[in-house]
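Here is how the chains run, residue by residue.
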Amino acid sequence: MELAKLLIRPLLRPISIVHWDRKFNRLVINQRLAAVCKKTQHGTEGSWKMSEETDVLVFGSAIIDFICYTPRLPKAGETLHGHKFQTGYGGKGANQCVAAARLGSSTALVAKLGDDSFGSDYLRQLREENVNVSHVHQLTGHTTGIAQIAVSDGGENNIIIVVGANNQLSPDDVFIAKALFSGAKVLVCQLETPVAATLQALRCFKGISIVNAAPAMEQTPPELLQLANIFCVNESEAAIMTGVSSVSSIEQANAACKRLIEMGANTVILTLGPLGAVWGAKDSTGKFQHVPAPQVQNVVDTTGAGDAFIGALAHNLARFPERALDAHIAAACAVASQSVQLPGTQSSFPRA
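Residues numbered from 1 in each chain as written. Predicted model: local features only at pLDDT ≥ 70, side-chain atom pairs only at ≥ 80, totals over all residues. Heavy atoms only, no water.

S.K.: Please clarify how the packing of aromatic side chains should be interpreted in this entry.
M.R.: Following the criterion strictly, the structure yields four aromatic pairs and no others. For the pair F59 and F181, a centre-to-centre distance of 6.1 Å together with 70 degrees between the ring planes defines the contact as edge-to-face. Of the two residues, F59 sits in strand β5 (residues 54-59) while F181 sits in helix α6 (residues 178-183), which places them 122 residues apart along the sequence. Of the two residues examined, F59 and F181, each falls in the buried class. Aromatic ring contacts, followed pair by pair, group F59, F181 and F205 into a single cluster. The ring of Y69 carries K84 above its face, with NZ or CZ at 5.4 Å from the centroid. (Phe/Tyr/Trp six-rings, centres within 6.5 Å; stacked < 30°, edge-to-face > 60°. Helix = DSSP H or I, 4+ residues; strand = E, 2+ residues; numbered from the N terminus. Buried < 20%, exposed > 50% of the residue type's maximum accessible area, 1.4 Å probe, protein only. Lys NZ or Arg CZ within 6 Å of the ring centre and 35° of its normal.)

Here it is, written out as structure tokens:
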């Protein structure tokens, strides 16, 4: 009965399984509410029981990567000779899920694949990575999403994605996966799938939610900022969303974080590549903190660094809730710094 009341209560007034501890600068889990959410409440439309607790639930994309390695990135209209080609498993959703799984989190993915050989191969790969794929479905008449990636010898990249079946992820999928949503500690979403579905996922989740706003939207729905506990962007995404020409320094990052909070975000993490990350919260009275990243001498491929960061952040929030957000960000920076020293996306993610 207690769980039923808690599920009805959001219709009257929003509640959250987490709150911001201003004294210690960290997100705190409401242990009483978390315990209640684990109980079983049977009804005519099924059960909210989660048979196995999930650390990190990812609602997002799964894409096959086609990667060309070349001395430098081509200019507009230019054809270059590359020196290596490979295929890989990508999509920001699946990448972040695998990154968390490799670090030791129990993970689940809600995603769509095409009814083709790429989709079948991807399902097999996710199972090998110990990801719960009970809500990863192959759709007849749709192709698996693909990404065309160019990587320079200096580690820079550009990416074009054709999302394919990922566009079929819908608000209904949130209801279908309601057992996962009721049992997970951390939810991770991105913007490679329809925003309406992402918003529904955020509305229905009562744990810690992370939105990685990539690809960036110039006109970001205010609700997207408001619903996420943590809103994470990189330099270019922050610039697009805040309407500035560039974000390339810690000072500019502080200003961009402030603007995103003014737009409705609760806690903002802005990643700065080799400089680490800057973060601030609505409740931290305008104070922003810089978390440096480990220095890397040999950068091979930066393609998966952002997803390695998000996956590691989600893992640390789920497994070590007693630690301050600074510590979670530092740990995520360390994992991202490891990933840039190896080629590929998921193949570059470290294991615990």
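Okay, back to it.
S.K.: Would you explain the packing of helix α3 (residues 92-102) against helix α11 (residues 305-319) in this entry?
M.R.: The geometry of a pair of packed helices is captured by two quantities: the angle between their axes and the separation between those axes. As a packed pair, α3 and α11 sit with axes 7 Å apart at the nearest point and diverge in direction by 50 degrees. By the criterion of interaxial angle, the relationship of α3 to α11 is oblique. In terms of crossing hand, the pair formed by α3 and α11 is right-handed. Of the residues in α11, those touching α3 at K92, N95, Q96, A99 and A100 are D307, A308, I310, G311 and H315. Per-class residue counts for the contact of α3 with α11 are four nonpolar, four polar and two charged. (Axes fitted to C-alpha atoms, helices over the stretch in contact; angles between N-to-C directions. Parallel < 35°, antiparallel > 145°, perpendicular 65-115°, else oblique. Left-handed = near helix turned anticlockwise from the far one by under 90°. Contact = heavy atoms within 4.5 Å. Nonpolar A, V, L, I, M, F, W, Y, C, P; charged D, E, K, R; others polar.)

S.K.: How do you make sense of the sheet that holds strand β12 (residues 184-189) when you look at a structure like this?
M.R.: For sheets, the rule is that strands pair by backbone hydrogen bonds, running either parallel or antiparallel. With respect to topology, nine strands assemble into an open sheet ordered β9-β8-β5-β12-β13-β14-β15-β16-β17, the strand pairing being mixed. A strand with exactly one partner marks an edge of an open sheet, and here the two such strands are β9 (131-139) and β17 (288-291). Geometrically, the sheet is characterised by an average inter-axis angle of 20 degrees between neighbouring strands, direction not taken into account. Judged from the four bridges that link them, β12 and strand β13 (residues 208-212) form a sheet pairing that is parallel. What sits directly across from V186, in β13, is I208. (Pairing = 2+ DSSP bridges.)

S.K.: I keep staring at the state of the cysteines and nothing clicks. Help me out?
M.R.: Disulfides are covalent bonds that connect the sulfur atoms of two cysteines. If you walk through the whole model with that rule in mind, you get zero disulfides. Lacking any disulfide linkage, C257 is separated from the closest cysteine sulfur, that of C232, by 9.4 Å. The cysteine C333 is free of any disulfide, with C232 supplying the nearest cysteine sulfur at 9.5 Å. (Disulfide = S-S within 2.5 Å.)

S.K.: Would you take a moment to explain the sheet that holds strand β7 (residues 84-90) for this structure?
M.R.: Read from one edge of the open sheet, four strands run β7-β6-β10-β11, paired in mixed fashion. Single-partner strands in this sheet number two, and they are β7 and β11 (157-162). Recorded for the sheet is a direction-independent mean angle of 20 degrees between the axes of neighbouring strands. Summarising the sheet, strand β6 (residues 63-70) and strand β10 (residues 145-152) pair through eight bridges and their orientation is parallel. Within the sheet, the bridge partner assigned to T70 lies in β10 and is S152.

S.K.: What is the right way to look at the environment of P321 in this model?
M.R.: Structurally, the position occupied by P321 is in the loop between α11 and α12 (325-339). Among the residues examined, P321 registers a relative accessible area of 25% and is labelled partly exposed. Residues P321 and K185, spaced 136 residues apart in sequence, show a C-alpha to C-alpha distance of 9.8 Å.

S.K.: Any chance you could explain the side chain of H328 here in plain terms?
M.R.: With respect to the secondary-structure elements, H328 resides in helix α12. Of note is the side chain of H328, whose polar atom sits 3.4 Å from the backbone oxygen of F320. Here H328 is in contact with L313, N316, L317, F320 and R323, once residues within four sequence places are set aside. (Polar contact = N/O pair within 3.5 Å; in protein donor to acceptor, adjacent residues only side chain to side chain.)

S.K.: Mind showing me how you'd approach the side chain of E237 here?
M.R.: By the secondary structure assignment, E237 is in helix α9 (residues 235-242). As a buried residue without a salt bridge, E237 has its nearest oppositely charged side chain in K92, at a separation of 5.5 Å. Beyond its immediate chain neighbours, meaning those up to four positions away, E237 contacts N212, A213, A214 and A216. (Lys, Arg positive; Asp, Glu negative; His and termini not counted. Salt bridge = Lys/Arg side-chain N within 4 Å of Asp/Glu carboxyl O.)

S.K.: Can you walk me through the pattern of salt bridges in this structure?
M.R.: Two side chains of opposite charge can pair, provided their charged atoms sit close to one another. Inspection of every chain in the model, using the stated rule, returns 11 salt bridges. Here D307 ties to K92 by a salt bridge, and the two come within 2.7 Å at their closest N and O atoms. Here K92 lies in helix α3 and D307 lies in helix α11, a separation of 215 residues in the sequence. Like D307, the residue K92 is buried in the burial classification. Between D173 and K112 there is a salt bridge, with the nearest N and O atoms lying 2.8 Å from each other. With D173 in helix α5 (residues 171-176) and K112 in strand β8 (residues 107-114), the pair connects residues that are 61 residues apart, well separated along the chain. Note on accessibility: D173 and K112 belong to one class, buried.

That is the geometry; function is a separate question.
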